[in-house]
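Geometric and topological summary
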Amino acid sequence: QEQLVESGGGLVQAGGSLRLSCAASERTFSSYAMYWFREAPGKEREFVAGISRSGIRTHYGDSVKGRFTISRDNAKNTVYLQMNSLKPEDTAVYYCAADTTFRRGGDVTNYDYWGQGTQVTVSS
């Protein structure tokens, strides 16, 4: 069973950058497409980005296109989310997820594994 641990969250000023990391426990990491979601207070969990098992395909939510970049290092069992030009509306708990299927969003119950989340706060 895949265990996911996020890190890298914190407090940053608007216009700044952060890089989130998600470390996976299993050596089968390369068998999973990986994702980032976020959840702001009072809002539904939102798809942020996804990357295929090989890293060739990526997909982004409309609100982060051009600002965020997802990448992965299969040798390190880690997926990253580089977040640039951060805005106060990016404030949320960011979750890492894994699934054997490459998805472009959709029902969150379709995703196999989830991390515990890391808080990102962007001040204005």
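Residues numbered from 1 in each chain as written. Predicted model: local features only at pLDDT ≥ 70, side-chain atom pairs only at ≥ 80, totals over all residues. Heavy atoms only, no water.

1. So, the side chain of Glu 6
- Note that Glu 6 resides in strand β1 (residues 4-7).
- This buried residue, Glu 6, is left without a salt bridge; Arg 45 holds the nearest opposite charge, at 7.6 Å.
- Here Gln 116 takes part through its backbone nitrogen, which lies 3.1 Å from a polar atom of the side chain of Glu 6.
- Within the structure, the side chain of Glu 6 is placed 2.9 Å from the backbone nitrogen of Gly 117, a separation counted as a polar contact.
- Other than its neighbours up to four places away in sequence, Glu 6 contacts Ser 21, Cys 22, Trp 36, Tyr 94, Tyr 95, Cys 96, Gly 115, Gln 116, Gly 117 and Thr 118. (Helix = DSSP H or I, 4+ residues; strand = E, 2+ residues; numbered from the N terminus. Buried < 20%, exposed > 50% of the residue type's maximum accessible area, 1.4 Å probe, protein only. Lys, Arg positive; Asp, Glu negative; His and termini not counted. Salt bridge = Lys/Arg side-chain N within 4 Å of Asp/Glu carboxyl O. Polar contact = N/O pair within 3.5 Å; in protein donor to acceptor, adjacent residues only side chain to side chain. Contact = heavy atoms within 4.5 Å.)

2. Structural notes on the nonpolar core
- Formed by 29 residues in total, the largest nonpolar core has its most connected members in Met 34, Trp 36, Val 79, Leu 81, Met 83 and Tyr 94.
- Elements represented by at least two residues in this core include exactly β3 (18-24), β4 (33-39), β5 (46-51), β7 (68-73), β8 (78-83), β9 (92-99) and β11 (118-123).
- Setting aside chain neighbours within four positions, we find Tyr 94 in contact with Glu 6, Leu 20, Trp 36, Phe 37, Arg 38, Val 48, Phe 68, Leu 81, Met 83, Gly 117, Thr 118 and Val 120. (Core = buried A, V, L, I, M, F, W, Y, C linked by side-chain atoms within 4.5 Å.)

3. Here's the deal with the pattern of salt bridges
- Under the counting rule described, the total for this entry stands at six salt bridges.
- Here Arg 38 makes a salt bridge to Asp 90, at a shortest N to O gap of 2.8 Å. Of the two residues, Arg 38 sits in strand β4 while Asp 90 sits in the loop between β8 and β9, which places them 52 residues apart along the sequence. For the pair shown, Arg 38 and Asp 90 are each scored as buried.
- For Asp 62, the salt bridge goes to Lys 65, with nearest N and O atoms at 3.2 Å.
- With a relative accessible area of 48%, Lys 65 lands in the partly exposed category.
- Through salt bridges that share partners, Arg 38, Glu 46, Arg 67 and Asp 90 make up one connected network.

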